[in-house]
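# Breakdown of the fold
Single-letter residue listing:
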Number of protein chains: 6
Amino acid sequence: MGDERFERGWSKFRELNEPYAEQMRETMERDEPELFRFIVEFVFGEVLSRPVLDLKTRELVTVAVLTALGNARQQLRLHIHAALNVGWSREEVHEIIMQQAVYAGFPAALNGATLAREVFAHRDKQNLS
Amino acid sequence: MGDERFERGWSKFRELNEPYAEQMRETMERDEPELFRFIVEFVFGEVLSRPVLDLKTRELVTVAVLTALGNARQQLRLHIHAALNVGWSREEVHEIIMQQAVYAGFPAALNGATLAREVFAHRDKQNLS
Amino acid sequence: MGDERFERGWSKFRELNEPYAEQMRETMERDEPELFRFIVEFVFGEVLSRPVLDLKTRELVTVAVLTALGNARQQLRLHIHAALNVGWSREEVHEIIMQQAVYAGFPAALNGATLAREVFAHRDKQNLS
Amino acid sequence: MGDERFERGWSKFRELNEPYAEQMRETMERDEPELFRFIVEFVFGEVLSRPVLDLKTRELVTVAVLTALGNARQQLRLHIHAALNVGWSREEVHEIIMQQAVYAGFPAALNGATLAREVFAHRDKQNLS
Amino acid sequence: MGDERFERGWSKFRELNEPYAEQMRETMERDEPELFRFIVEFVFGEVLSRPVLDLKTRELVTVAVLTALGNARQQLRLHIHAALNVGWSREEVHEIIMQQAVYAGFPAALNGATLAREVFAHRDKQNLS
Amino acid sequence: MGDERFERGWSKFRELNEPYAEQMRETMERDEPELFRFIVEFVFGEVLSRPVLDLKTRELVTVAVLTALGNARQQLRLHIHAALNVGWSREEVHEIIMQQAVYAGFPAALNGATLAREVFAHRDKQNLS
């Protein structure tokens, strides 16, 4: 059953993090094996695999939440990348980041927008949309 | 032009906050006239009226962000109400709140879920969906 | 395997929350069945059941963290109760709350101390140590 | 020397918290004697007694900071009261709270403004300016 | 009217950010044109242009708030610079940062102080006070 | 008495920060003399020198709290180092950081774990346990 959860979670993880999923798995299994297992089995295999809301909706929300919390730059970068992977446009991702000026203040929104530009530039180099 | 922004914003404000919009306007124009004007003109008339993302998407995101920040119970209540008004189901609103356990911790998610149940019970009494 | 995790987690949950554990389970299974399952299976059955650190140490830490974050009064109350249940004295719990003035500011420490006094008074009435 | 710090701090504490200073001291010496001593000796006797900035300036800043942090309602109430005691007008206090919409978001500013109205109403009853 | 707000806001923006204002405008109009317009028109042209409190008072408060929130290093740097531009001394700016140890904890105050030293060193090189 | 507090605090400070204590003192007395005195006299000489809880327990708690708050990387690094100095194993420090996924979210726990690996690598080079 742990295996089943892992497989379900890993399939979601891969979808969000392509083309970097395998490389992330290698690094995390070496550096943080327990956190990696929790993330794949619980976060991806249980929470994000629930029905009711699709993965695309969940990802836009996560970009907004990490922008507002403002304490996790590296995770925000990954989720901006993931949101683009599951079908949001760059304009939509930028728009939801900008909206956080209202709820979390302009500094949080500006910092989120800066990270988004970095991710967009990186994807340009990789020929990703 | 201030008037134009106000009218555009007020129309959004009313859509989200029915059937309480007029009563909220009366209270806020009496107690916090400047903040009310900023909220209608800037928040609703400029930010939330931008194209790119529709109001429905923006509201689900706001419920999630206020759950994660955890410092604004009254506003979270209003936005849960607003999210239902613009077409999300109770299950969808509850789901996005629950997801915040991953990004902001279980206490934030539990507190958001408690507020959601309060809003749902209130709407039952008002025969709102 | 879900059952095994649930049983392991439920045994931890009960230990921390006596004499209110059954009543909490009833309420949560009715109101928040998914969050309850995540909390028992993942939080208690996986994270808090890990070896390396015992439950007593983990509980003191949780009281400190919730005091510092300052956004979860109800959960802080439960964890103050739990910390006393697993063997910390009232003086020790109060001491770790007071220490958070240094890392999260005096307002956070004062609010934590107020909740601790409320829990202590409640336990006096129940003849709990 | 502890006594000297205490006396210097207590004199500042009294200035800010009149006419409630003695009553607050009684309550805090009974409930939180160590935190009270830290607050009088360190916060008031060392930090707030430093030269460079006067107490009036420091108090407006504290109202703004507690509004922005959003996790300490009771302390914010006390500091709104204190800011008025040291010579700020109600308009000025309200203005600095409103400004935090920019840096911490509209929910934080709205919650601060609500507390300010409560303090103003309380002072009306006590015939305080 | 949008133009009027923009002109009023831009004049405040320039006052705070000299001698970097034009360069910041160029960068922001290229990278974040909507956020830049919101910041100039709403933040500077509406909120910070309100009477009741002068710009000098508002800037010291912003330095304190960003120090306490602790999630916006780059904006804190700009506001330390701005506070010195509108007439606060380096000692006063440092003092208000240090005071935040009381309300937001020592780590926040230490990080703010580190940024202040960086800004002071930069201004030394530019022969700014 | 200030001297007595300083000596008591300095002895704690040295115990936690070896072999870097003298070097840190030199830097801080030059750059932040007032904050340094507050930290040694108040934080180490008064709060952390209190009985009731030993320094070892207090340090594990501080690692957890700074992980959860997520806004003080440099201080978290120092306290991970300090926790190892007073007798916690690397596994125990890592475990308490991981636990914060539950209370403050996975991003906070992941960032704490990354810093821990950096501290462990640095200590390997210094032949520290």
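The model shown is predicted, which means the values in this text are computed figures rather than measured ones.

## Looking at unusual backbone geometry
A cis geometry characterises the amide bond from E18 of chain A onward to P19 of chain A, with omega recorded as 0 degrees. Tracing the sequence through the fold places P19 of chain A in the loop between α1 (2-17) and α2 (21-31). Even without glycine at this site, N127 of chain C takes up a positive phi of about 55 degrees. In this structure, N127 of chain C sits in the segment after α7 (106-125).

## Section: the interface of chain F and chain E
With 11 residues of chain F in contact, the opposing surface of chain E contributes 12 residues. Top element by residues in the side of chain F that touches chain E is helix α3 (residues 33-47) of chain F. It accounts for 5 residues.

## Things to note about the interface of chain A and chain B
Each partner contributes residues to the interface: chain A has 23 residues there, and chain B has 23 residues. Elements that contribute at least two residues to the side of chain A that touches chain B include exactly α3 (33-47), α4 (55-69) and α6 (90-104) of chain A. Tallied by class, the residues present in the side of chain A that touches chain B amount to 15 nonpolar, 3 polar and 5 charged.

## Examining the domain arrangement of chain A
Residues and elements named next belong to chain A. As far as domains go, chain A holds domain 1 (1-52) and domain 2 (53-129). Placing a centre on the C-alpha atoms of domain 1 and another on those of domain 2 gives a separation of 20 Å. With 6 residues of domain 1 at the contact, the number on the domain 2 side is 8 residues. Here the side of domain 1 that touches domain 2 is composed, by residue class, of 3 nonpolar, 1 polar and 2 charged.

## Some remarks on the nonpolar core
Ranked by internal contacts, the top residues of the largest apolar core, which has 247 residues, are V65 of chain A, V65 of chain B, V65 of chain C, V65 of chain D, V65 of chain E together with V65 of chain F. Excluding residues that lie within four positions of it along the chain, V65 of chain A makes contacts with A64, V65, A68, Q100, Y103 and A104 of chain B.

## Section: the relation of the copies chain F and chain E
For the pair chain F and chain E, the best superposition has an RMSD of 0.0 Å and corresponds to a rotation of 120 degrees with a translation of 0.0 Å parallel to the axis. Here the copies are linked by what is in effect a three-fold axis. The rotation axis passes nearest to the C-alpha of N71 of chain F in chain F, at a distance of 3.7 Å. Here only 9% of the contact residues of chain F are again contact residues in chain E; the copies associate through non-equivalent surfaces.

Rules behind the numbers
- Residues numbered from 1 in each chain as written.
- Chains lettered and ligands numbered in written order.
- Predicted model: local features only at pLDDT ≥ 70, side-chain atom pairs only at ≥ 80, totals over all residues.
- Helix = DSSP H or I, 4+ residues; strand = E, 2+ residues; numbered from the N terminus.
- Contact = placed C-beta atoms within 7 Å.
- Nonpolar A, V, L, I, M, F, W, Y, C, P; charged D, E, K, R; others polar.
- Domains from an automatic or database assignment.
- Core = buried A, V, L, I, M, F, W, Y, C linked by C-beta atoms within 7 Å.
- Buried ≥ 20, exposed ≤ 12 C-beta atoms within 10 Å, placed from the backbone.
- Least-squares fit on C-alpha atoms with pLDDT ≥ 70 in both.

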